[in-house]
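Residue-level listing of the chains:
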Amino acid sequence: MLNRIRIVLVQTYHPGNIGASARAMKTMGLSDLVLVAPRQFPDEEATRLAAGATDLLDSCRVVGSLSEAVGDCVQVIGASARLRSLPLPCYHAPDRMAAELWQRLPEGPVAIVFGRERYGLTNEEIGHCTHQLNIPANPDYGVLNLSQAVQIVAYETFRQSRTAEAAHQAPKANGPYPTVEQLEYFYDHLHRALDSAGFLTQPHARTEAHLRALFTRAEPSRKELSILRGVLNALESRNQSE
């Protein structure tokens, strides 16, 4: 199951951090690395700091946007040092994150997203995530290097795999869960339905952002999402006939 865990690095500034992150991943059995618009890659510094993990650099995918990186995932966890005005479900401990992530893997890949060295992920990028992760650290100096954060997360996922193996436990799916791409189709459908009903009359109220947060916390399965889309279709049909 470890090969279904995807590490996504967004607009990494220092290429050495890419190499060090690849090394951190390989030591813990992770192999799926995706880079979103890195400032400089390939690069000799990335290769040097990857040490024996250059195969991960050779096989990694480079994409232009976060949506491309995570569209097929059933869970997307954004590592963030701060909570947002519309907080997503948040893991405040990497070990708890790893335990719950493990239960999603039978349904498809899970992505853990890390932002820029200087200021992390933007609010828009967090909007592509289903969960947040906050790694506890010294409140007086809680600044982790990017590759250090990747190492912590990679270690916890590897430890979870060993725990499950020792207990002879396979991941149990509660879903199947929709992919991020399927959720975006639903949100587009929801927007059309609300707009045609005349509900979106106060853009400053951030109605859609609140609804996104609501459905993200609810974690609907694919069947439940299909029911919700059926409800929207019925409402649209009724509005058109009136």
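The rules behind the values
Residues numbered from 1 in each chain as written. Predicted model: local features only at pLDDT ≥ 70, side-chain atom pairs only at ≥ 80, totals over all residues. Heavy atoms only, no water. Helix = DSSP H or I, 4+ residues; strand = E, 2+ residues; numbered from the N terminus. Rg over C-alpha atoms; globule rule 2.2 N^0.38 Å. Buried < 20%, exposed > 50% of the residue type's maximum accessible area, 1.4 Å probe, protein only. Core = buried A, V, L, I, M, F, W, Y, C linked by side-chain atoms within 4.5 Å. Contact = heavy atoms within 4.5 Å. Expected span 1.5 Å × (residues − 1). Phe/Tyr/Trp six-rings, centres within 6.5 Å; stacked < 30°, edge-to-face > 60°.

A. Geometry of the overall build of the chain. Scanning the chain from N- to C-terminus turns up 10 helices and seven strands. Taken against the 2.2 N^0.38 rule, which gives 18 Å for 242 residues, the C-alpha radius of gyration of the chain at 19 Å falls within 12% of a compact globule. For the C-alpha atoms alone, the extent of the chain along its principal axes is close to 65 × 40 × 35 Å. Residue burial in the chain is summarised as follows: out of 242 residues, 44% are buried.

B. Representation of the nonpolar core within the structure. With 39 residues, the main nonpolar core has Ile7, Leu9, Leu33, Met97 and Phe114 as its most contacted residues. Among the elements that line this core, the one with the most residues is helix α7 (residues 146–166), at six residues. When near neighbours in sequence (up to four residues on either side) are disregarded, Phe114 contacts Ile7, Val8, Leu9, Val10, Ala79, Leu121, Leu146, Ala149, Val150 and Val153.

C. Highlighting helix α8 (residues 180–196). The end-to-end C-alpha distance of α8, which contains 17 residues, comes to 24 Å, matching closely the 24 Å that a straight helix rising 1.5 Å per residue would cover. Every buried residue of α8 is accounted for by Val180, Leu183, Phe186, Tyr187, His189, Leu190, Ala193 and Leu194. Just downstream of α8 lies Gly198, where phi reads positive at about 75 degrees.

D. Representation of helix α1 (residues 15–27). Helix length check: α1 (13 residues) gives 19 Å between terminal C-alpha atoms against 18 Å at 1.5 Å per residue, within 8%. For α1, the buried fraction is high: 10 of the 13 residues fall into the buried class. Among the residues of α1, Pro15, Gly16, Asn17, Ile18, Gly19, Ala20, Ser21, Ala22, Ala24 and Met25 are the ones counted as buried. Gly29 occupies a position one or two residues after α1 and carries a positive phi of about 85 degrees.

E. Focus on the packing of aromatic side chains. Counted by the stated rule, this structure contains two aromatic pairs. For the pair Phe186 and Tyr187, a centre-to-centre distance of 5.6 Å together with 50 degrees between the ring planes defines the contact as tilted. Tyr187 gets classed as buried once you look at its relative accessible area, which sits at 8%. Between Phe186 and Phe215, the ring centres sit 5.1 Å apart and the planes meet at 85 degrees, which makes this aromatic pair edge-to-face. Taken together, the residues Phe186 in helix α8 and Phe215 in helix α9 (residues 207–218) connect sequence positions 29 residues apart. This pair shows no difference in class: Phe186 is buried, exactly as Phe215 is.

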